[in-house]
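Here is how the chains run, residue by residue.
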Amino acid sequence: MKIKTMAISGIIAALYVAVSLLIAPLAYAAIQFRIPEVFNHLVVFNKKFIFGIVLGVFVTNLFSPLGMYDLFFGVSQSILALSITIFSAKFIAGIFKRMVFNTLVFTFTMFIIAFELNLALELPFLLTWLTVAIGEFVVMTIGIPIMIALNKRLNFEKLI
């Protein structure tokens with residue numbers, strides 16, 4: 001891995017952690033609005049961003065009140081959803097369409113987080129899936145125009 005890729009991955013991870021911890025009460029419960037999930041859209045521009053995002057999720061989940069549950073399930077959900085989005089890029093033309101697909105993938109795969117919360121806190125699975133999926137959908141949807149605007153300034157495709 002190139003030094004530039006490692007450095008930018010570290011910056012993405014640090015930003016993910018900082019924003020998560022800043023809004024911590026909203027990042028770990030049955031109703032979640034984990035704002036740095038917006039960074040998940042970076043893989044639409046360049047698959048190398050997966051490293052920084054996953055590292056950010058891992059470090060953030062070290063602070064989770066759910067402990068090992070969040071480390072395993074949270075990181076697994078991110079890896080799965082990001083991998084599906086990366087794989088789908090071959091079949092979906094256009095950044096906007098990929099971001100919409102990415103939003104839907106992350107929203108759907110929140111069943112993994114609902115399962116985690118069901119195991120750890122005995123929350124009802126279907127209701128929890130609905131609440132965490134809505135939070136993920138809202139954050140990721142709001143993130144689409146933000147990431148498109150940032151891309152115009154930063155050119156994410158060539159940044160890493």
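This text goes with the structure placed above it.
Once a new chain begins, its residue numbering starts again from 1 and follows that chain's sequence as written. Only residues with pLDDT of at least 70 are given local features in this predicted model, and only at 80 or more are side-chain atom pairs given and counted; all residues enter the totals for whole chains, interfaces and linings. Hydrogen atoms and water are omitted, and side-chain values are computed over all heavy atoms in the structure.

Observations concerning the side chain of T128
We apply this condition: The helix count covers DSSP runs of H or I at least four residues long, the strand count covers runs of E at least two residues long, and both are numbered beginning at the N terminus. Exposure is judged per residue with a 1.4 Å probe applied to protein chains only, and the accessible area is read against the type maximum: over 50% gives exposed, under 20% gives buried, and values in between give partly exposed. Should any heavy atoms of two residues lie within 4.5 Å, those residues are considered in contact.
Here T128 shows up in helix 7 (residues 125-154). On the basis of relative accessibility, which here comes to 3%, the residue T128 falls in the buried class. Sequence-distant contacts of T128, defined by excluding residues within four places in its chain, comprise A30, A114, L117 and L123.

Comments concerning empty space enclosed by the protein
What counts here: Grid points spaced at 1 Å over the protein atoms alone were grouped into cavities, where a 1.4 Å probe fits but cannot get out, and pockets, open sets with protein on both sides within 12 Å along at least five of seven lines, with lining residues defined by an atom within 4 Å of a point. Grid points are joined across faces, edges and corners, and a volume is the space filled by probe spheres set on the points. For this classification, the nonpolar set comprises Ala, Val, Leu, Ile, Met, Phe, Trp, Tyr, Cys and Pro, the charged set comprises Asp, Glu, Lys and Arg, and every other residue, Gly included, is treated as polar.
Inspection of the entire model under this criterion finds one cavity of 30 Å³ or more. Of the volumes computed, that of the largest cavity is approximately 110 Å³. As for the largest cavity, its lining consists of 13 residues, of which Q32, R34, E37, Q77 and I113 are closest to the centre. Contributing elements (two or more residues each) for the lining of the largest cavity: helix 3 (50-62) and helix 4 (68-88). Here the lining of the largest cavity takes four residues from helix 4, the largest share from any one element. Residues that form the lining of the largest cavity fall into these classes: four nonpolar, five polar and four charged.

What to know about the packing of aromatic side chains
To describe a pair of aromatic rings, one takes the distance between the centres and the angle between the planes. Stated precisely, the cut-off is as follows: Any Phe, Tyr or Trp ring, taking Trp's six-membered ring, that has another such ring centre within 6.5 Å forms a pair; planes under 30 degrees apart are called stacked, those over 60 apart edge-to-face, and the others tilted.
Considering all chains together, one arrives at 11 aromatic pairs under this definition. An angle of 20 degrees between the planes, with centres 6.5 Å apart, marks the rings of Y69 and F73 as stacked. In this pair, Y69 and F73 both sit in helix 4, four residues apart, roughly one turn of the helix. What makes Y69 partly exposed here is its relative accessible area of 36%. With a relative accessible area of 12%, F73 lands in the buried category. Pairing F73 with F115 gives two aromatic rings, centres 5.8 Å apart and planes at 70 degrees, and the pair type is edge-to-face. Of this pair, F73 sits in helix 4 while F115 sits in helix 6 (residues 111-121); the two residues are 42 residues apart in sequence, bridging distant segments of the chain. Put simply, the rings of Y69, F72, F73 and F115 touch in pairs and so form one group of aromatic residues.

Re the packing of helix 5 (residues 95-108) against helix 7
Threshold: Here an axis means a line fitted to C-alpha atoms, over the contact stretch when the element is a helix, while the angle between two N-to-C directions is reported on a 0 to 180 degree scale. To sort the angles, those under 35 degrees are grouped as roughly parallel, those over 145 as roughly antiparallel, those from 65 to 115 as roughly perpendicular, and the leftovers as oblique. In this scheme, a crossing is called left-handed if the near helix is turned counterclockwise away from the far one by less than a right angle; it is called right-handed if the turn is clockwise.
The contact between helix 5 and helix 7 brings their axes to 8 Å, and the two run at 160 degrees. With respect to their mutual orientation, helix 5 and helix 7 come out roughly antiparallel. For the pair helix 5 and helix 7, the crossing hand works out as right-handed. Each of F96, M99, V100, N102, T103, L104, F106, T107 and F108 in helix 5 lies in contact with helix 7, whose residues at this interface are W129, A133, E136, F137, M140, T141, I144, M147 and I148. In the contact of helix 5 with helix 7, the residues fall into 13 nonpolar, four polar and one charged.

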